[in-house]
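So you can see what is in the structure, the chains are spelled out below.
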Protein chains: 2
Amino acid sequence: MSLSEFNIIKQYFSSISTKENSPNIHLGVGDDAAIVSTPENKKLVVCTDTLNEGIHFPLNTSAYDIAYKALAVNLSDLAAMGATPKWFALNLSMPGINEDWLTGFSTGLKQLAGEYQLDLIGGDTTRGPLSVSITLAGHIEGVTALMRSSAKVGDKVYLSGCTGEAAYGLACLSSAATINDSDKYFVSRLNQPTARVSLGLSLLGIANACIDISDGLVADIAHIAEASQCGIELDSNIIPLPAIADKEQARQHALSGGDDYELVFTVAPARQAALKQLISQTDLPITCIGEVVAAPGVLLLDNGRSVGLSRTGYEHFNNK
Amino acid sequence: MSLSEFNIIKQYFSSISTKENSPNIHLGVGDDAAIVSTPENKKLVVCTDTLNEGIHFPLNTSAYDIAYKALAVNLSDLAAMGATPKWFALNLSMPGINEDWLTGFSTGLKQLAGEYQLDLIGGDTTRGPLSVSITLAGHIEGVTALMRSSAKVGDKVYLSGCTGEAAYGLACLSSAATINDSDKYFVSRLNQPTARVSLGLSLLGIANACIDISDGLVADIAHIAEASQCGIELDSNIIPLPAIADKEQARQHALSGGDDYELVFTVAPARQAALKQLISQTDLPITCIGEVVAAPGVLLLDNGRSVGLSRTGYEHFNNK
């Protein structure tokens, strides 16, 4: 059975919509473009990310997981801004039509889109090497967004959850034909990352700067330091490690593994009480891992002494 | 020299912005997401298109042309809605870093973005088979957009310019090692299509339905007919043909060649005078090629008699 581009959109994607509940979506999938509006007191926050087969996900990743992750990594970008996700556009390139694959893909997309009541407003399905780009937009009030550039000297630096779990999951997939039960958690962290959307929203008015960890903890913290024209000192003894036997591997993954999509954020002394209250209300572990300082760069400290630190996280063009 | 993803964005793309002149762009390239706003009386019109190497452009297409075309095809979608283009996000996958290629690509992008004073608000540059996705947004007042679904029985059907020229350009590239001077025009129609943005804006209040011709004249007219639940009769003796020697080839290209990015639109009898005035004010040829009728489907007529017609335009998954 041959499906045209138009039928693919109609059959698999046109139902990913809560349009009836979305007064701001005036025209969705099906015309040359979609028409949306933003409430008067809101601004639109827009991000986009591409996942390519063999680069951003292993060759045998399920269609469900590819769709889930493609949307999750974009949700994570909006989480890091403190925005409420609203709608997205999908660019899907596939080598050919496999209806089982499309069913899995649309199911994964629908699952995560449903959790956040997102509307799929349009997109492009076409032939090519397997690649998914999603452009996601959300709302934010006024100009209160969390930015990379707003860290201040004296802020404490916090991390949600634990980094390095996705990198260990990838290592498991690379080294074993079958994944044992204890490692399945780590593979799920790689394939179905959890965007910290709720945390990002809660940090509005509490955090100064924020970023999501996509390229590696140290690399992304360096982005905050550079954008904020300051430095950051990390306490190597406090950084949470993945629960694996090899502690040196755990430490490497925690510092430079990518694909975790946790949030790193900085909080001024005056807002520590508000943060403490927030921490008491969430099940998500939030750890103080360092402090913002004046001297530029990122330092890793062990009992106050600087220890060796690779600042390099995952950069696509350095991993050729 | 190795360039990281961050430096690629900074060096080649961060300058494609008129942010200082754009009160609606609050945060551009460089954070987890961009922040924009839409003026109170406007709605946002959003489209997205992907171009993959070897599918949407031949392997030896210049970087300048790839960028130009990737933006032009999106501009054409907004033209077909009657929207004013404002900003875009870029997803660029490349096998590796070639600075000459990036220079050409950013020059092409900057050229066309500059013509429309567009802001590049963000994107993702990553490793993968060569692929460009652009998501373009524009503004429109109220709910006056041109849609596929608004054709009415009795409307006349109009075409801007001439279809089939891009398809002939592709045929020239496929059959000849060098392109002679007389064919260069057709190759330029393929590689640097002209989005009819100004025409689309002028058609607000005049046209009922509108679509841009990306998949082929008949195929895209069929989209209007289906969305509007009507039929369309085309006069085969009036449809403009590319100026090439082989008239049968010209006719085939005009009817089913893709990549032209002309506009087809329908106009009610009561708006013919307004259209006539518009035609008198533009250098772009606009031809009445048919009429909207009640019986569903698209018919091609030769002196009132139906002639054979392939309704199939360019569909990516039928061209494997």
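Computed from a predicted model, the values in this text were never measured in an experiment.

Looking at the overall build of chain A
Move 1: Secondary structure summary: chain A contains nine helices and 13 strands in total.
Move 2: Each of the three principal axes of chain A carries a C-alpha extent, and together these read 65 × 55 × 35 Å.
Move 3: Counting across all 320 residues of chain A, residues that qualify as buried make up 54%.

Details of the relation of the copies chain A and chain B
Move 1: Relative to chain B, chain A is turned by 180 degrees and slid 0.0 Å along the rotation axis, the superposed coordinates differing by an RMSD of 0.0 Å. Read as a symmetry element, the transformation amounts to a two-fold axis.
Move 2: Looking at the interface residues of chain A, 100% of them are also at the interface in chain B, so both copies use one shared face.

Remarks on the environment of A:Cys230
Residue and element names in this part refer to chain A.
Move 1: Here Cys230 lies in the loop between α7 (217-228) and β9 (231-235).
Move 2: By C-beta crowding, Cys230 is classed as buried, having 22 other C-beta atoms within 10 Å.
Move 3: Through-space distance from the C-alpha of Cys230 to that of Ala151 is 7.7 Å; in sequence the pair is 79 residues apart.
Move 4: Not counting residues up to four positions away in its chain, the partners in contact with Cys230 are Ala151, Val153, Ala225, Val292, Val293, Ala294 and Pro296.

Notes on the sheet that holds strand β11 (residues 286-293) of chain B
Residues and elements named next belong to chain B.
Move 1: Read from one edge to the other, the open sheet built from seven strands follows the order β8-β10-β7-β11-β9-β12-β13, with strand pairing classed as mixed. Both outer strands of the open sheet, β8 (207-212) and β13 (305-307), are each paired with one neighbouring strand and no more. Ignoring which end each strand starts from, the neighbouring axes of this sheet average 35 degrees apart.
Move 2: In this sheet, strand β12 (residues 297-302) lies alongside strand β9 (residues 231-235) in parallel orientation, the contact comprising five bridges. Counted as the bridge partner of Ile232 is Val298 from β12.

Considering the confidence of the model for chain A
Move 1: Confidence in the prediction for chain A averages 91 pLDDT; 93% of positions are at 70 or higher.
Move 2: In the predicted assembly, ipTM is 0.91 and pTM is 0.93.

Re the interface of chain A and chain B
When the parts of a complex come together, some accessible area is lost, and that lost area is often taken as the interface size.
Move 1: Counting residues at the interface gives 57 residues for chain A and 57 residues for chain B.
Move 2: Sorting the residues of the side of chain A that touches chain B by element identifies β2 (34-36), β3 (42-52), α2 (63-79), β4 (84-94), β5 (119-127), β6 (131-141) and β8 (207-212) of chain A as the ones contributing at least two each.
Move 3: The element that contributes the greatest number of residues to the side of chain A that touches chain B is β3(A), accounting for nine residues.
Move 4: When grouped by side-chain class, the residues that make up the side of chain A that touches chain B number 24 nonpolar, 20 polar and 13 charged.
Move 5: Relative to strand β2 (residues 34-36) of chain B, β3(A) runs antiparallel, the two being bridged by three bridges. Within β2(B), the position partnered with A:Val46 by the bridge is B:Ala34.

Points about the environment of A:Gly161
All names here are of chain A.
Move 1: Tracing the sequence through the fold places Gly161 in the loop between β7 (156-160) and α4 (165-175).
Move 2: By C-beta crowding, Gly161 is classed as partly exposed, having 19 other C-beta atoms within 10 Å.
Move 3: Note: C-alpha distance between Gly161 and Ser236 (75 residues apart in sequence) is 16 Å.
Move 4: Contact partners of Gly161, with chain neighbours within four places excluded, come to Glu262, Leu284 and Pro285.

Considering the pairing of β9(A)
All names here are of chain A.
Move 1: Residue alternation in β9 divides its side chains into a buried set, Ile232 and Leu234, and an unburied set, Gly231, Glu233 and Asp235.
Move 2: With four bridges joining them, β9 and strand β11 (residues 286-293) adopt antiparallel strand pairing. When the sheet's bridge partners are listed, Leu234 is paired in β11 with Gly290.

Topic: the domain arrangement of chain A
All names here are of chain A.
Move 1: Domain boundaries assigned for chain A yield domain 1 (5-141) and domain 2 (148-318).
Move 2: One C-alpha centre belongs to domain 1, the other to domain 2; they are set 26 Å apart.
Move 3: Across the boundary between the two partners, domain 1 contributes 19 residues, which contact 19 residues of domain 2.
Move 4: Secondary-structure elements contributing two or more residues to the side of domain 1 that touches domain 2 are α2 and β4.
Move 5: Here the side of domain 1 that touches domain 2 gets 10 residues from one element, more than from any other, and that element is α2.
Move 6: Classifying every residue of the side of domain 1 that touches domain 2 gives 12 nonpolar, four polar and three charged.

Regarding the packing of α4(A) against helix α5 (residues 181-191) of chain A
All names here are of chain A.
Move 1: Two numbers describe how α4 lies on α5: the axes approach to 7 Å, and their chain directions differ by 110 degrees. Considered as vectors, α4 and α5 are oriented roughly perpendicular to each other. Like other packed secondary-structure pairs, α4 and α5 cross with a definite hand, here left-handed. Judged by residue contacts, Glu165, Ala166, Tyr168, Gly169, Leu170, Cys172 and Leu173 of α4 engage Asp183, Phe186, Val187, Arg189 and Leu190 from α5.

Comments concerning unusual backbone geometry
Move 1: A positive phi is found at A:Gln229, a non-glycine position, where the angle reads about 55 degrees.
Move 2: For A:Gln229, a count of 11 C-beta atoms within 10 Å translates into the label exposed.
Move 3: For B:Tyr261, which is not glycine, the phi dihedral falls at a positive 60 degrees.
Move 4: Looking at where B:Tyr261 falls in the secondary structure, it is placed in the loop between α8 (247-256) and β10 (263-267).

Digging into helix α7 (residues 217-228) of chain B
Residues and elements named next belong to chain B.
Move 1: Taking 1.5 Å per residue, 12 residues should reach 16 Å; α7 reaches 17 Å between its end C-alpha atoms and fits that length.
Move 2: For α7, the buried fraction is high: 10 of the 12 residues fall into the buried class.
Move 3: Along α7, the residues classified as buried are Leu217, Val218, Ala219, Asp220, Ile221, Ala222, His223, Ile224, Ala225 and Ser228.
Move 4: Within two residues after α7, Gln229 carries a phi angle of roughly 55 degrees, on the positive side.

Brief notes about the sheet that holds strand β6 (residues 131-141) of chain B
Move 1: Spatially, six strands are ordered β1(A)-β2(A)-β3(B)-β6(B)-β4(B)-β5(B) in an open sheet, and the strand pairing comes out mixed. Among the strands making up the open sheet, the edge pair consists of β1 (25-27) of chain A together with β5 (119-127) of chain B. Averaged over all adjacent pairs, the angle separating strand axes in this sheet is 20 degrees, with direction ignored.
Move 2: Pairing analysis gives two bridges linking β1(A) to β2(A), with the strands arranged antiparallel. Note that in β2(A) the partner of A:Leu27 across the bridge is A:Ile35.

The rules we used
Residues numbered from 1 in each chain as written. Chains lettered and ligands numbered in written order. Predicted model: local features only at pLDDT ≥ 70, side-chain atom pairs only at ≥ 80, totals over all residues. Helix = DSSP H or I, 4+ residues; strand = E, 2+ residues; numbered from the N terminus. Buried ≥ 20, exposed ≤ 12 C-beta atoms within 10 Å, placed from the backbone. Least-squares fit on C-alpha atoms with pLDDT ≥ 70 in both. Contact = placed C-beta atoms within 7 Å. Pairing = 2+ DSSP bridges. Axes fitted to C-alpha atoms, helices over the stretch in contact; angles between N-to-C directions. pLDDT = per-residue confidence, 0-100. Nonpolar A, V, L, I, M, F, W, Y, C, P; charged D, E, K, R; others polar. Domains from an automatic or database assignment. Parallel < 35°, antiparallel > 145°, perpendicular 65-115°, else oblique. Left-handed = near helix turned anticlockwise from the far one by under 90°. Expected span 1.5 Å × (residues − 1).

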